[in-house]
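# Report on the structure
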Amino acid sequence: MPGQRKRKRRRQDEVRRSVARFAPDAGRWEMLFETQDASEFHAHVRRLRESDPEIDWSAVRVDNFCGRLIYPDTYRLSLFVPDPVPAASRPPAER
């Protein structure tokens, strides 16, 4: 197929960038919301999208913990918060 190698490389590059961006030493995941009600979870996400346009949705993680038989399902919304860059490692133009 024409272009398949190019698409494959592009996907691999995206994966490498996201792995580096969300590495454990690059920051932490902060929980924004957690509930056991799916409709409440979806409503909260909808309200967040409307009320806070500054959220970087590429840095948001949705976890769905399956409860199986005994425990109910749990829905969690987390946001990646990068660690602050020390002034010594920033380029001179940003100091």
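Anyway, here's the lowdown on the structure attached to this text. (Residues numbered from 1 in each chain as written. Predicted model: local features only at pLDDT ≥ 70, side-chain atom pairs only at ≥ 80, totals over all residues. Heavy atoms only, no water.)

## Observations concerning the packing of aromatic side chains
For clarity, the threshold we go by: Ring geometry is summarised as follows: Phe, Tyr and Trp rings, the Trp one being its six-membered ring, pair when their centres sit within 6.5 Å, and such pairs are stacked at plane angles under 30 degrees, edge-to-face over 60 and tilted between the two. Elements are defined by DSSP. Helices are runs of H or I of four residues or more, strands are runs of E of two residues or more, and each kind is numbered from the N terminus. Only protein chains enter the accessibility calculation, which uses a 1.4 Å probe. A residue is then buried if its area is under 20% of the maximum for its type, exposed if over 50%, and partly exposed in between. For a Lys NZ or an Arg CZ to count as sitting over a ring, it must be within 6 Å of the ring centre and within 35 degrees of the ring normal.
Enumeration over the complete set of coordinates arrives at five aromatic pairs. Taking 5.1 Å as the distance between ring centres and 65° as the angle between the ring planes, the aromatic pair formed by Trp 29 and Phe 80 counts as edge-to-face. One end of the pair, Trp 29, is in strand β1 (residues 27–35); the other, Phe 80, is in strand β3 (residues 74–82), with 51 residues separating them in the sequence. Here Trp 29 falls in the partly exposed class, since its relative accessible area comes to 30%. For Phe 80, a relative accessible area of 8% gives the class buried. We note Arg 49 situated over the ring of Trp 57; from NZ or CZ to the ring centre the distance is 4.3 Å.

## Details of unusual backbone geometry
Of note in the backbone geometry, Arg 68 takes a positive phi value of approximately 60° without being a glycine. Here Arg 68 lies in the loop between β2 (60–65) and β3.

## Focus on a nonpolar patch on the surface
The condition is simple: Patch members must show over 30% relative accessible area and no salt bridge, and they are joined within 9 Å when carrying like charges or within 5 Å when they are nonpolar side chains of Val, Leu, Ile, Met, Phe, Trp or Tyr. Residue burial considers only the protein chains on display, and all accessible areas are found by Shrake-Rupley using a 1.4 Å probe. The term salt bridge refers to a pairing of a side-chain nitrogen on Lys or Arg with a carboxyl oxygen on Asp or Glu at a separation within 4 Å.
On the surface, Leu 69, Ile 70 and Tyr 71 cluster together to form a nonpolar patch covering roughly 470 Å² of accessible area. Along the chain, Tyr 71 falls in the loop between β2 and β3.

## Quick word on the side chain of His 44
Worth spelling out the cut-off: Contacts were defined at the residue level, with two residues in contact if any of their heavy atoms lie within 4.5 Å.
Take His 44: it is sitting in helix α2 (residues 38–51). Those residues in contact with His 44, other than ones at most four positions away along the chain, are Phe 33 and Leu 77.

## Regarding the pattern of salt bridges
Taken as a whole, this structure holds five salt bridges when the rule is applied. Close ionic contact of Arg 76 with Glu 34 constitutes a salt bridge, the shortest N to O distance being 2.8 Å. Here Arg 76, found in strand β3, pairs with Glu 34, found in strand β1; they are 42 residues apart in sequence, far enough to count as distant. A relative accessible area of 25% means that Arg 76 is categorised as partly exposed.

## Points about the nonpolar core
The criterion, for reference: As used here, the term nonpolar core means buried Ala, Val, Leu, Ile, Met, Phe, Trp, Tyr and Cys residues forming a set that is joined through side-chain atoms within 4.5 Å.
Formed by Phe 33, Phe 41, Val 45, Leu 48, Ile 55, Val 60, Tyr 75 and Leu 77, the largest nonpolar core amounts to eight residues. Of all the elements in the fold, those that place two or more residues in this core are α2 and β3. Ranked by residues supplied to this core, first place goes to α2 with three residues. Not counting residues within four places of it along the chain, the set of residues in contact with Tyr 75 comprises Phe 33, Glu 34, Thr 35, Gln 36, Asp 37, Ala 38, Phe 41, Asp 63 and Asn 64.

By themselves, these are just geometric observations and shouldn't be taken as functional.
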